[in-house]
Every structure is written in C-alpha cells, then in structure tokens.
Amino acid sequence: MKIVGDNVRRAKNFINRIVCKKSNSDDVINVNRSAALVSILTIFCRFLGFARDTVIAKYLGAGDLSDSFFASFKLSNFFRKIFGEGAFFSGFVPIFTKINKEDKGRAIVFSSNIFTIITITLLVVVGLSEFFMDKIILLISPGFTGAKLEHAIKISKITFPYFYFITSCSVLWGVLNSVGVFFYYGFVPAILSIVMIFFGLVFKNNFTDITVCFAYSIVCGGIFQLLISYIGCYVNGFRLKIIKPFFDLNTKQVFKKMFNTTISTSLTQINTIIDGVLASFITSAVSYLYYADRIFYFPFSIVGVTLGIVSLPALSKAVSENNFDRTKSLQNLAIKLVLLYGIPASIGMLVMSQSLTFTIFQYGDFKSSDTRSVAIITSIFACGLFFSLISRVFSVIFFANQNTKTPMKITIFGVFVNVVFSMILVKFLGVYGIAIGTCISYFLTSILLLKILQKKSLIFFEDNIKKFTLSVLFASIVVGLVCYIFNGFFVGLSVGLALRIIILSIFGLFCAIMYIVLLLFLKINILKITFAKH
C-alpha cells in the first residue's frame, strides 16, 4: 500500500508541475523544457487534427461542398491563428510579466481589464459580422456564386462565434504563459478536434447536411476551450473577471503593440486568406489548399509557433536586463532548434508529400486525383517551410527588443510579394501558382528580417553556427534520400487506414533514429540541445 501511495503522490506532483506553477518571481522560464512540453502537446493536438481532417475528407472529399465549408472554417480559424499564436502574447506578455513581478494584485486587475475590453470588442465584431456575413464571404471568396455562395454564408453564420471564444482564450493563455504554465496553451486546441470528431461520428445522421453538423461542433468546441482555459487561470491564482474598462498607459501599450505584432506575425495566415481569394475561382482549389496547409502547419506549429511563444518571455527578460551572454545564448538556441527540426521537416515534407496525403486523406469521397493535387501543393509549401519558421524566430528577436514596427513593415511587403506573384503564376499554373507565390514571400521576408537584424546589431551568431548548419543539412539530405526511396514503395500499397498509419509511424521512427545517429557522428547531440537546461 505504501508503494501505491508513493506512486499516487508522484503522479499528483507530476500533474501539478504541468498544470500549475509554484509562485516564484525569480524563476526564469526554461526555454528548452517549456518548448519540449508545448511541442509534445502540440504534436498530440496535430495528430488529433489529422484525425479530424480524415473524418472531414471522408465525408466531404474535394468539391463545392468542401470548398464552401473550408472557406467558412478558415474565416473563424484565421483569427485564432493570429491572436492565439503570437500577436496578443507579444504585446501582453512583457507588460504583464513586469506588473506581476511588482504586484500580483495589480496584474490581476490589469489582465481583467484587457479581458473585459477584448470581450466587449469581440461581441460587437461578431454581431456586426453576422449581419454583414454575405459581404464578408464575397470579400474572401469572390469566386463563389449561386448555391456555393449561399452555403458558405449559411455555414459562416454558424461558425463565426467561435472567433469570440478562441480569442478570449488567448488572454487567459497570455496570463498562464507569462508565469510559465504552458500546458493549457498546448492542450486546449485539441478540444476542438475532439468535439468535431465526436459530432462527425455520432451526430452525422441527425443532419441532412453534414457540414452543418461540423459547423455546430466548432462552436461547441470553442465553448469548452474557453471554459477549460478559464479554469486553468483560476487554479493558478489568477481569477479574471469582467470589470469596468479603463485605458491607462499599460493598456494602451498592449493594444498598440498588439496591432503592430498582429500584422508582423500573420504572414502565414494573411497569405492563406489571399490564397483562398484566388483559389475561390478554381473548382476544388480551396479544398486542395486547405488539406495541404494542414500538413504544412504540423511542423510549423510544433517548431515555429512553439519557439515563438515560449522564447519571448525569457528573451524579453534577458534584453531588459542587458544580459548580453544570455541574450546571445537564447537567440542561438532558438535558431539551432529551427535548424535541427525545420530543415529535416522541410525535406521530409517535400519527398513524402504523396505518402502523407495518401495516408491522411484518401478515404471515402477523397479521390486519387485529389491526392495528387494536394501532394504537389504540399511539396511546394515544403520549399517555404524553413523560411517561414526562421522568420518567426527573427520576429521574436525584434519583439523582445520592443520593436514591432519593423516586422510589421516587412510582413506587409511579404503580403504584397505574395499577391503579385500569385496573381501572375495562377494564370499559367492554376492553384500550384498560388502555392509558389506564397513560398516566394516566405523566402524574401526571412532574408529581409535577417538583414535588418544584422544592420541594427540585434542578432548575435555563435562562431560555430555555419558548421552546425552544414552538418544538419547533410544529415537531413541523407535521411531525405531514404524517405524518397520509401515514398515510391509506400504509395503503391493497397492497405487499410490502420496498417498505413502503422507502417508510416514505424518508418518515421526509423528515420528519426537515423537522423539522431548521423548527427552524433557529426558531433551534434540533438537530445542534449533540446532538453539541456539553459
């Protein structure tokens, strides 16, 4: 019984460490371990997301019905990606962290005020959007006409309130992330996938239109996400509530920085909307881009978004304290992690695009011709993956130095580049031209961010960074060649979903081990870099 009791206590302590943070104002958030926790939770969420998309693809396939549903889903999801993955945190976290260090009571009032202002604003925006939804859909999907347009408007009116629930969650996640509690930010997004899968499997026969079933599941998922996030704040001692709003200097600074950072961190999301506008004129193109984006976003969210979220508080603290050594160490840690995971992810996604699309989506109404189209777009997106990842790190370095204007201007330039190239290339290459235009914008944006960081002397590379990069590139190419050979074998298999997943998972594990061993021969210990305390 004593052994059982000890194990129970250990389990409770483990859970407490994950979902709660002991009060200690001198704690420095450990970037590696925080990133590892969020990455593990994000991987869990992404796999659930793939399961959700498999269910959606099975019932909707790729056509007018799926195009109108994904256009509606993207509308509410667009704001989730902007506010939930960088923009709000970049404006809120540094100021909240400073106030909380001085006086927790003031920090609760400050965060409650921000929560109140955002709640009021969101309710107004959602109300107006519901009234003008037909014009909004025509704006983001001008190629939709007739029944396809009417269906998109109908679904969007149901799903758009999700915007309120998930954006409100961002305030709560900002509080929790600031005190080193990243569990809720990492886990709560999974709830939406769980609810959508449940509705799709259990309630699909209760609706004549399956897309309506999925639409209501999105709203229900948002309600659960907000409830669990609020509970997370409550148990960690931050009991936010609706108060009479006020606009002091700190509040104004949050929204000013939030505005700049919203644009700065939203290149991927803005490009997605622009791609959707152009794709709306091509049959099934909206669906093809959505499915390919889901594969692209798996490594992007695990590496880029996670590093951006967990490194900002620590890097902001190091910069504010004028701690050059720690600033340099944190910058190079983030860059090395992007190199270690971003380069092999890009190469793997490039050569394995057909196998991934085949495994995740090709069921039911999703045809082999759809698989080919999505796989080609995924390969194109893979060419821009690393540049979009490293751009996130470069942007965070600007934010930590209280500079949000420069990334904002560069992002606007990146959007302009995407529009120009996409509009030109779509005439010759169709939906593939849209994807190429997006990748070009990622590449140019990352180069500009780096050049300006160097010009302003805000980035400090370690001496071995070039050798490190070449070593990672070599190991990634070797593993990529193995993946290329496997891809030709795998796509020809005629097996069920379970066996596809098992074979692909075993091969993925083999590639991971091979990559780790190759790096060890090159004197790079990826596990030590990832998990060592800094």
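About the thresholds
Residues numbered from 1 in each chain as written. Predicted model: local features only at pLDDT ≥ 70, side-chain atom pairs only at ≥ 80, totals over all residues. Heavy atoms only, no water. Helix = DSSP H or I, 4+ residues; strand = E, 2+ residues; numbered from the N terminus. Buried < 20%, exposed > 50% of the residue type's maximum accessible area, 1.4 Å probe, protein only. Contact = heavy atoms within 4.5 Å. Areas by Shrake-Rupley, 256 points an atom, 1.4 Å probe, with all protein chains shown as cover. Disulfide = S-S within 2.5 Å. Expected span 1.5 Å × (residues − 1). Bend = angle between axes of the 7 residues up to and from the residue. Phe/Tyr/Trp six-rings, centres within 6.5 Å; stacked < 30°, edge-to-face > 60°. Lys NZ or Arg CZ within 6 Å of the ring centre and 35° of its normal. Salt bridge = Lys/Arg side-chain N within 4 Å of Asp/Glu carboxyl O. pLDDT = per-residue confidence, 0-100.

Caption draft 1: Quick look at the overall build of the chain. A count of helical and extended segments in the chain gives 21 helices and zero strands. Relative to its full complement of 534 residues, the chain shows a buried share of 58%. When contacts within the chain are restricted to residue pairs at least 6 apart in sequence, long-range pairs at least 24 apart make up 85% of them. For the chain, the exposed surface amounts to about 22900 Å²; the carbon and sulfur share of it is 69%.

Caption draft 2: Spotlight on the state of the cysteines. Using the criterion set out here, one finds zero disulfides in the structure. Between Cys213, a free cysteine, and Cys220, which holds the nearest cysteine sulfur, the sulfur-to-sulfur gap is 9.7 Å. The exposure class of Cys213 is buried, given its relative accessible area of 0%. In this structure Cys511 is not part of a disulfide, and its nearest cysteine sulfur, from Cys483, lies 3.7 Å away. Of the residues examined, Cys511 reaches a relative accessible area of 8% and is grouped as buried.

Caption draft 3: Helix 16 (residues 368–400), seen in detail. Under the 1.5 Å per step criterion, the end-to-end length of helix 16 is 47 Å for 33 residues, consistent within 8% with the ideal 48 Å. If you look at helix 16, its biggest bend is around 40°, right at Gly384. Most of helix 16 is tucked away: 27 of the 33 residues are buried. Immediately downstream of helix 16, the backbone of Gln402 shows phi near 60°, a positive value.

Caption draft 4: Highlighting the side chain of Thr438. Mapped onto the elements of the fold, Thr438 is located in helix 18 (residues 431–455). Sequence-distant contacts of Thr438, that is, excluding residues within four places in its chain, are made with Asn271, Asp275, Phe381, Asn418 and Ser422.

Caption draft 5: Structural context of the side chain of Ser373. The residue Ser373 is located in helix 16 in this model. Apart from residues no more than four positions distant in its own chain, Ser373 is found in contact with Tyr288 and Tyr432.

Caption draft 6: Up close: the packing of aromatic side chains. Summed over all chains, the structure comprises 36 aromatic pairs. When the ring of Phe198 is compared with that of Phe199, the centres are 6.4 Å apart and the planes differ by 70°; the resulting orientation is edge-to-face. You can call Phe199 buried: its relative accessible area is 14%. Connected via pairs of aromatic rings, a cluster forms that spans Phe69, Phe70, Phe73, Phe214, Tyr290, Tyr291, Phe361 and Phe366. In this structure, Lys104 packs its charged tip against the face of Phe238, placed 4.8 Å from the ring centre. Lying over the aromatic face of Phe468, Lys336 brings its terminal NZ or CZ to 5.2 Å of the ring centre.

Caption draft 7: Seen up close, the pattern of salt bridges. Counted by the stated rule, this structure contains six salt bridges. Of the charged contacts in the structure, one is a salt bridge between Asp53 and Arg294, with a shortest N-O distance of 2.7 Å. Separated by 241 residues along the polypeptide, Asp53 in helix 2 (residues 31–60) and Arg294 in helix 13 (residues 285–320) bring together distant segments of the chain. Take Arg294: its relative accessible area is 6%, and that puts it in the buried class. Among the salt bridges present, the one from Asp67 reaches Lys148, with a minimum N-O distance of 3.1 Å.

Caption draft 8: A look at the confidence of the model for the chain. Scored by pLDDT, the chain has a mean of 83; 86% of the residues are at 70 or more. In the predicted structure, residues 10–18 sits below a pLDDT of 50 and forms four contacts with residues beyond four places in sequence or in another chain. Long-range and interchain partners of residues 22–29, a stretch whose pLDDT sits below 50, account for 12 contacts in this model, where long-range means more than four residues apart.

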